[in-house]
Amino acid sequence: MSEIEKRKSNIVYQLRGLCAHCATQSRKQHMCPVQQIALRVKQLQGVPLVVNSQFKGMLWAAK
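Attention in this report is confined to the structure presented alongside it. Source: prediction; values computed, not measured.

Tallying each qualifying case throughout the model produces one salt bridge. For Lys8, the salt bridge is made with Glu5, and the minimal N-O distance between the two is 3.3 Å. Taken together, the residues span about one helical turn, with Lys8 and Glu5 both in helix H1 (residues 3-16) at a distance of three residues. According to the relative accessible area criterion, Lys8 is buried, its value standing at 8%.

Have a look at this one:
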């Protein structure tokens, strides 16, 4: 797993902790803005910026 994928997974995990249903992995259907934000984070794509073998962020492509 790349550094960006690890960071995205960590962010999604933390976001899900903001919703009681998502945090407990409840199967109950609910309207949750956290799920929408987590989905958008998962879909982020770009080119990793690595300086001196350290991950420094992402370069985004203009669409």
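The pairing of strand S1 (residues 47-51) with strand S2 (residues 54-59) spans five bridges and is antiparallel. The partner of Pro48 across the bridge, within S2, is Met58. The turn linking S1 back onto S2 is made up of two residues, and Asn52 within it adopts a positive phi angle of 50°.

Residues Val12, Leu15, Cys19, Cys22, Cys32, Val34, Ala38 and Val41 constitute the largest nonpolar core, which totals eight residues. Going through the elements one at a time, H1 and helix H3 (33-42) are the ones with two or more residues in this core. Tallying contributions element by element places H3 first for this core, with three residues.

Here His30 lies in the loop between helix H2 (20-23) and H3. From its side chain, His30 meets the backbone oxygen of Lys28 in a polar contact 3.1 Å long. Setting aside anything within four residues of it in sequence, one finds His30 in contact with Cys19, His21, Cys22 and Gln35.

What counts, and at which threshold
Numbering of residues begins from 1 in every chain and follows the order in which that chain's sequence is written. In keeping with the model being predicted, local features are shown solely for residues with a pLDDT of at least 70 and side-chain atom pairs are shown and tallied solely at 80 or more, while totals for entire chains, interfaces and linings include all residues. Each side-chain value is derived from all of the structure's non-hydrogen atoms; neither hydrogens nor water enter the calculation. In what follows, salt bridge is the name for a side-chain nitrogen of Lys or Arg lying within 4 Å of a carboxyl oxygen of Asp or Glu. Counting from the N terminus, the helices are the DSSP runs of H or I reaching at least four residues and the strands are the DSSP runs of E reaching at least two. With a 1.4 Å probe rolled over the protein chains alone, any residue whose accessible area is under 20% of its type maximum counts as buried; one over 50% counts as exposed, and the rest are partly exposed. In short, DSSP must find at least two bridges between two strands for them to pair. Definition of nonpolar core: a set of buried residues of the types Ala, Val, Leu, Ile, Met, Phe, Trp, Tyr and Cys, connected through side-chain atoms within 4.5 Å. For the purposes of these results, a polar contact is taken to be a pair of N or O atoms within 3.5 Å, where, inside protein, one atom must be able to donate a hydrogen and its partner to accept one; residues adjacent in sequence count only when each atom of the pair is a side-chain atom. Contacts are assigned to residue pairs that have any heavy atoms within 4.5 Å of one another.

Take it as geometry only, folks, not as evidence of what the structure does.
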